[in-house]
Amino acid sequence: MLTETSDYDDLYRNFRWQVPEHFNVATAACDRHADGTGKLALTFIDDNGSVRKVSFDEMQAWSRRFANVLTEDGLLRGDRVGVFLSQSVELPVAHLAAFRAGLVSVPLFTLFGEEALAFRLANSNAKAVVTDAGGYAKIAVIRDRLPALQRIYVVGEGDVATVSFWDAVEGASEDFETVNTRADDPAIIIYTSGTTGNPKGALHAHRVLLGHLPNVEMAHDFFPKPGDVMWTPADWAWIGGLFDALFPAWYHGVPMVGYRAKKFDPVEAMQLMADHKVRNVFLPPTALKLMRQANVSHPGVSLRSIFTGGESLGGELLDWVRTTFGVEAHEIYGQTECNLVVGNNAKLFPILPGSMGKATPGFDVRIVDETGRELPNGETGIIGVRAPNPCMMLEYWGNPEATAKKYAGGFLLTGDLGRRDDDGYFWYMSREDDVITSAGYRIGPAEIEDTLIRHPAVAMAAVVGVPDPIRTESVKAWIVLRPGFTGSDALARDIQDFVKVKLAAHEYPRLVQFADSLPMTATGKVLRRELRALG
């Protein structure tokens, strides 16, 4: 979409969206490159270090076959399909098949526990789920709470209540005509955390892929270029993994490297980038901080571009990246509802430590008040993005009230506070709400608090983010116990484990503090800002 230049103002001023009336992610990100030549799509490294090469031709064939499986099993256009897998060969097959059949995919993080998983599957009314043996063990526990769920396709060991994913694929016809979807037709629901109530599902159209391209191309220094190979440790269950890396890379025919790491290992990451000649990476700030902490280097690593976002890197980390990799780290900004609206490219304008960069070509980003009225440069307000644009969600799934509250005065209100200077740079100030940013994840306290009070020892709970040098913030729980219970390290560990199992391993409170009471407003609302001030 972008023409390489060193003139940001000219690039931004002359950019025009070219979104066709009909568009399908599967056609754009797979079929255009499935020309019978065996062009490489994915290099996947499994837990044992075995390497599997997959072509666009194979991706096309498998996803066509699975699209036939889904439709023959009774799923109709618009039905939802959960994809409960981590980085794998099967994950993109499942998404591409859903897109082909006019279905709506629902990515699900493999660290989700029973409650987080049950809510998302029930809220989306998913009729089918693709998972592995570990995922099925979680689904089996909540199966009776999901009346809409008709089919569970399992990669690996299942039971009589499941269907073997690969047996189904191999037994299906490769002859499938991809639905001629409109660019505005629903394609995917990605759940995002908030501060009150349950998570909200951001429903995106097929055009969302096109909406991500300008920033990906800008922040990856006019991606693609010959020899480019993309990798990210970010999970493919999030918008960052799927639409900041996987599908934009495939749209441009750039091979992707996939690796299902249980935990980010800086030395392992460097070796992987060297072994597979990775040129382009999306590395969340936490990954970069861990790499700096470990002081890693590798003579075989030769990166062309580093894309990062979720929190400010700061001057010291920017300098370390420049010294270690010989390229600039280009920070970006966006959120699940409307992603990649601000970014950096050192060849277009100087990178200022602490700044998120400038507006991505194609996006009108302003600082506004709660009514959508634009504020002058230098003033702090809500970061707003003018509607509509191809990257913007269609709605919050089944939640018109929350959808309406997200917009004002023609802008989508991100809920993040920032300012814009006279040179057009955006500066993140703080959150308008209480969302916790930890290791690149946006974590809503409401879900954690709801899970905590289900523990038999917990009477009341409040969750806040506290500063963490590596994760930016850690989740801290303030807990009032029920009569008969006494606070102890053992009880704290038990409560932490309870949240890990019931909700998600990345959302459990790393810090637990017992208290006699919680600070409240006159109407009974917990004053989280007071708890944050206590540390």
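Just so you know, these numbers come straight off a predicted model, no measurement behind them.

Focus: the nonpolar core
Taken as a class, soluble globular proteins show a tendency for nonpolar side chains to be buried jointly.
Logical step 1: By size, the foremost hydrophobic cluster in this structure holds 97 residues, and its most contacted members are F66, F247 and W250.
Logical step 2: Top element by residues in this core is helix 9 (residues 239–251). It accounts for nine residues.
Logical step 3: Excluding residues within four positions of it along the chain, F247 makes contact with V25, A29, H95, L96, F99, L209 and L242.

Overview of the environment of E328
Logical step 1: With respect to the helices and strands, E328 occurs in the loop between helix 12 (315–325) and strand 14 (329–335).
Logical step 2: Sequence-distant contacts of E328, that is, excluding residues within four places in its chain, are made with I306, R322, A346 and I351.
Logical step 3: At 2.8 Å, the side chain of E328 and the side chain of R322 are in polar contact.

A few points about unusual backbone geometry
One can expect most non-glycine residues to show negative phi and most peptide bonds to be in trans.
Logical step 1: With omega at 0°, the peptide bond leading from F223 into P224 counts as cis.
Logical step 2: As for its placement among the helices and strands, P224 is situated in the loop between helix 8 (208–219) and strand 10 (230–231).
Logical step 3: Cis geometry marks the peptide bond from A387 to P388, where omega comes out at -5°.
Logical step 4: By the secondary structure assignment, P388 is in the loop between strand 18 (381–386) and strand 19 (395–396).
Logical step 5: Residues other than glycine seldom take positive phi values, yet D221 does so here, at roughly 55°.
Logical step 6: Here D221 shows up in the loop between helix 8 and strand 10.
Logical step 7: For N295, which is not glycine, the phi torsion reads 55° and is therefore positive.
Logical step 8: Among the secondary structure elements, N295 is positioned in the loop between helix 11 (285–294) and strand 13 (305–309).
Logical step 9: Judged by relative accessible area, N295 falls into the exposed class, the value being 58%.

Brief notes about the packing of helix 5 (residues 114–124) against helix 6 (residues 133–142)
Logical step 1: At a minimum axis distance of 10 Å, the contact between helix 5 and helix 6 shows a crossing angle of 75°. Between helix 5 and helix 6, the interaxial angle falls into the category roughly perpendicular. Across the interface between the two elements, E114, L117 and A118 from helix 5 touch K138, I139, V141 and I142 from helix 6.
Logical step 2: Residue composition of the contact of helix 5 with helix 6, grouped by class: five nonpolar, no polar and two charged.

As for the packing of aromatic side chains
Logical step 1: Under the definition given, this model contains 21 aromatic pairs.
Logical step 2: Taking the centre distance of 5.6 Å and the plane angle of 40° together, the rings of F109 and Y441 count as tilted. Here the residue F109 occupies a position in the loop between strand 4 (104–107) and helix 5, and Y441 occupies one in strand 24 (residues 441–443), the gap between them amounting to 332 residues.
Logical step 3: Y441 gets classed as partly exposed once you look at its relative accessible area, which sits at 22%.
Logical step 4: Ring centres 5.5 Å apart and planes at 55° place the aromatic pair W238 and Y441 in the tilted group. Taken together, the residues W238 in the loop between strand 10 and helix 9 and Y441 in strand 24 connect sequence positions 203 residues apart.
Logical step 5: Given the relative accessible area of 22%, W238 is considered partly exposed.
Logical step 6: Members of the aromatic cluster, connected to one another through ring pairs, are F56, F99, F243, F247 and W250.
Logical step 7: Above the plane of the ring of F112 lies R120, whose end atom (NZ or CZ) is 4.2 Å from the centre.

Calculation rules
Residues numbered from 1 in each chain as written. Predicted model: local features only at pLDDT ≥ 70, side-chain atom pairs only at ≥ 80, totals over all residues. Heavy atoms only, no water. Core = buried A, V, L, I, M, F, W, Y, C linked by side-chain atoms within 4.5 Å. Buried < 20%, exposed > 50% of the residue type's maximum accessible area, 1.4 Å probe, protein only. Helix = DSSP H or I, 4+ residues; strand = E, 2+ residues; numbered from the N terminus. Contact = heavy atoms within 4.5 Å. Polar contact = N/O pair within 3.5 Å; in protein donor to acceptor, adjacent residues only side chain to side chain. Axes fitted to C-alpha atoms, helices over the stretch in contact; angles between N-to-C directions. Parallel < 35°, antiparallel > 145°, perpendicular 65-115°, else oblique. Nonpolar A, V, L, I, M, F, W, Y, C, P; charged D, E, K, R; others polar. Phe/Tyr/Trp six-rings, centres within 6.5 Å; stacked < 30°, edge-to-face > 60°. Lys NZ or Arg CZ within 6 Å of the ring centre and 35° of its normal.

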